[in-house]
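What follows is the residue order along each chain.
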Amino acid sequence: AAWLPSHLCANRHKDLQSASLAVLFFRWAMPTACRILSRRATAVVSRTRHKSSIIAPASSPSAPPPGFPRLPLLGSLPWFSNLSLPDGSSVQSLDEQHESWAEGTRRHGPVWRVGIPGLGKGISGDLTLCADPREFVKVLQAEGKYPYGAIQLQWPFIVWATKHGRTVGKLFTRSEDWRHIRHGMQKSILPPAAAAGYAAIIGTTGREVVLNAPLWDDAGSFMSRASFDLFAGLALGRRIRASDPRPGASLPEDERFCVDTIEALDLLPDVIQDLPSIAMSSLGLESPMMKRYFRAVSGALDYAEAQVREMLARLDAAEPLSTAEEASYLASTVRTQRAAAAAGAADALTDDEIVASVSVALVASVNTTSSIATWVLAHLACEPEVQQRLREEVAAALQQHAGSLAAVIEEELPYLKAVVRETHRLTPALVISSVKEVDADIDLAGHRIPAGSLVALENHSLQAEAASDHPRPRRRGCPSRRSSHEITREQSTL
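What you see is a predicted model, and the numbers here were worked out from it, not measured in a lab.

Participant: Tell me about the nonpolar core, and please be specific about residues and values.
Facilitator: Of all hydrophobic cores here, the largest spans 56 residues; its most connected members are Phe157, Trp160, Val168, Phe257, Tyr293, Leu330 and Leu362. Residue assignment for this core shows that the elements contributing at least two residues are helix H6 (155–164), helix H7 (176–186), helix H8 (192–210), helix H9 (219–236), helix H10 (252–272), helix H12 (288–316), helix H14 (329–342) and helix H15 (351–364).

Participant: Could you give an account of the side chain of Asp254, with specific residues and numbers?
Facilitator: Mapped onto the elements of the fold, Asp254 is located in helix H10. The class for Asp254 is buried, based on a relative accessible area of 2%. The residues touching Asp254, leaving out its near neighbours within four places in the chain, are Arg238, Ile240 and Tyr303.

Participant: An account of the environment of Leu129 is needed here, citing residue identities and associated values.
Facilitator: With respect to the element layout, Leu129 can be found in strand E4 (residues 126–130). On the basis of relative accessible area, Leu129 is assigned to the buried category, the value being 0%. Taking the C-alpha atoms as reference, Leu129 lies 9.4 Å from Pro65; in sequence the two are 64 residues apart. When neighbours within four sequence positions are excluded, Leu129 is seen to be in contact with Trp101, Pro110, Val111, Trp112, Val114, Ile432, Ala456 and Glu458.

Participant: Account for the pairing of E4, with residues named and values stated.
Facilitator: Counting buried positions along E4 yields four of five residues, so the element is predominantly enclosed. For strand E3 (residues 111–115) and E4, the ladder comprises five bridges, and the chain directions are antiparallel. Across the sheet, residue Trp112 finds its bridge partner in E4, namely Leu129. Sheet analysis places E4 next to strand E8 (residues 454–458), joined by three bridges and oriented parallel. Across the sheet, Thr128 pairs through a bridge with Val455, a residue of E8.

Participant: Let's hear about the sheet that holds E3: which residues, and what values?
Facilitator: Strand order in the open sheet made by the four strands is E3-E4-E8-E5, with mixed pairing throughout. Across the chains shown, the open sheet's two edge strands, defined by having one partner strand only, are E3 and strand E5 (432–437). Across the sheet, the mean angle from the axis of one strand to that of its neighbour is 30°, orientation sign disregarded. Against the sheet, helix H4 (residues 97–108) makes contact with E3, E4, E5 and E8, and its axis sits at roughly 125° relative to E3, the strand it touches most.

Participant: For helix H5 (residues 133–141), give the residues involved together with the corresponding values.
Facilitator: All of the buried residues in H5 are Glu135, Phe136 and Val139. Taken around the axis of H5, the buried residues stretch over an arc of 100°, which confines them to a single face. Counted as exposed and oriented over 90 degrees from the buried face of H5: Arg134 and Gln141. Among the structural elements, E4, E5, strand E6 (442–444) and E8 are those in contact with the buried residues of H5. Where H5 begins, the capping side chain belongs to Asp132, and its oxygen is found 2.9 Å from the backbone nitrogen of Arg134.

Participant: Account for the side chain of Asp229, naming residues and giving values.
Facilitator: Its place among the elements puts Asp229 in helix H9. No salt bridge is formed by the buried Asp229; its nearest oppositely charged neighbour, Arg225, is found at 7.3 Å. In this structure the side chain of Asp229 is engaged in a polar contact, spanning 3.1 Å, whose partner is the backbone nitrogen of Arg241. Every residue in contact with Asp229, bar those within four places of it in the chain, is listed here: Thr205, Val209, Ile240, Arg241, Ala242 and Ser243.

Participant: How would you explain the confidence of the model for the protein chain if you had to name every residue and give the values?
Facilitator: For the protein chain, per-residue confidence averages 78 on the pLDDT scale, and residues scoring 70 or more make up 80% of the total. Here residues 1–59 scores under 50 on pLDDT; set against residues more than four positions off or in separate chains, the count is 83 contacts.

Participant: Which residues make up unusual backbone geometry, and what values do they have?
Facilitator: The backbone of Arg241 shows a phi angle near 60°, a positive value even though the residue is not glycine. Its place among the elements puts Arg241 in the loop between H9 and H10. Of the residues examined, Arg241 reaches a relative accessible area of 32% and is grouped as partly exposed. Non-glycine residue Ala445 carries a positive phi angle of around 50°. In this structure, Ala445 sits in the loop between E6 and strand E7 (447–449).

Participant: A description of the environment of Asp439 should follow, citing residues and the corresponding values.
Facilitator: Looking at the element boundaries, Asp439 is found in the loop between E5 and E6. On the basis of relative accessibility, which here comes to 43%, the residue Asp439 falls in the partly exposed class. Linking Asp439 and Ala451, residues 12 residues apart in sequence, is a C-alpha distance of 5.0 Å. Once residues within four sequence positions are removed from consideration, Asp439 is found in contact with Ala142, Glu143, Gly144, Arg174 and Ala451. Here Arg174 takes part through its side chain, which lies 3.1 Å from a polar atom of the side chain of Asp439.

What counts, and at which threshold
- Residues numbered from 1 in each chain as written.
- Predicted model: local features only at pLDDT ≥ 70, side-chain atom pairs only at ≥ 80, totals over all residues.
- Heavy atoms only, no water.
- Core = buried A, V, L, I, M, F, W, Y, C linked by side-chain atoms within 4.5 Å.
- Buried < 20%, exposed > 50% of the residue type's maximum accessible area, 1.4 Å probe, protein only.
- Helix = DSSP H or I, 4+ residues; strand = E, 2+ residues; numbered from the N terminus.
- Contact = heavy atoms within 4.5 Å.
- Pairing = 2+ DSSP bridges.
- Axes fitted to C-alpha atoms, helices over the stretch in contact; angles between N-to-C directions.
- Arc of directions from axis to C-beta.
- Polar contact = N/O pair within 3.5 Å; in protein donor to acceptor, adjacent residues only side chain to side chain.
- Lys, Arg positive; Asp, Glu negative; His and termini not counted.
- Salt bridge = Lys/Arg side-chain N within 4 Å of Asp/Glu carboxyl O.
- pLDDT = per-residue confidence, 0-100.

The following block contains the structure:
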């Protein structure tokens, strides 16, 4: 069955229901009481705030990990939401996560705990962080046959898929369904032969997209739409033209598809950690924020599935496809899976599973791509010499291949690759790149982690801190390390 936070389980505890009702009561019916309680809580927090010193390791393997205090429903937010850094600056932990997770490791050591409601487990949102990859191997070995991933943390999407009976919900489970669909998806996107098929689509779409860059003042919005165009081309072989802001550049229904997708992705992290949404979900209700999210995700997935089914119908009718459509991920997946079914393979994906897998890949892949692309621009804006050298490398490759961006993609561009890899190291698209649920009790750096715990790899400290036990030298000439909040301020000047 799909993993759901304890506040969404069918057999939720009566105490949790009572606590949820209390949250709703104080949130809406008694604002004055909320203000009084907030002032008192702030006073208590100011007296118990953690100091900026690393806590000594546990004295016995049975000791729990150190970390921030955790309260029911609030988790560690009173302590963790606004952290002071050693240089005197502060970060908003849920918005500037590259720095906040690393600060938690600096204070508490390589294994520590925090409570993030909606993200972690239980009534206080318990989450264990591990910054030592050697120790994290134990977590990977204790997760069993069906891996747990960050996709299972997206409880608002799970609730939406469950309510609407959508096949796509199988992708968010920890079961044979997940394993079956995931294996089928990978066969047409990860092998080099498959990538060679759609590289030309990315090149053609990419050239069109970059010409739209001067039409935008906001780099973040442009990158989201550019990523959307790239994945629409890759997945469907279609040009959505969402990155062209000029009137009439894209079809109204394609524009709506793009807007719904980006809104759903933007709202998801807020809904996950929104206390009113968590409380109301435990009672089977929908908060205003959840309703906005459900509307956006319904619009995005409904349109994506309609596009996929339309191409399936064309393939069944043996209608001719364009060159881009023939090379698309969808066409490749259909050919691969139908050939497997014809050969009698029991694990071949059904059409419904193909529709679900392609649709969710199209909708869910935008943010990680746009995040890294925006960070690349931010780092380059900080390093003009690096930017110039990179421009010269790409320009030389374009000249060599008569301006063919598709040919350049297949070229070995060592400096471009180094810049992208360095961006991943300094500011990864996902600060918590791996999160797992352990199926058995394990020991991490002398701390007992009970079965059922969520453990995440805190990789920013490892990748970016000079004091790390596993230093990775900065690639020569590539962007130097800058804190995420500094880069964020500079993004507006790109």
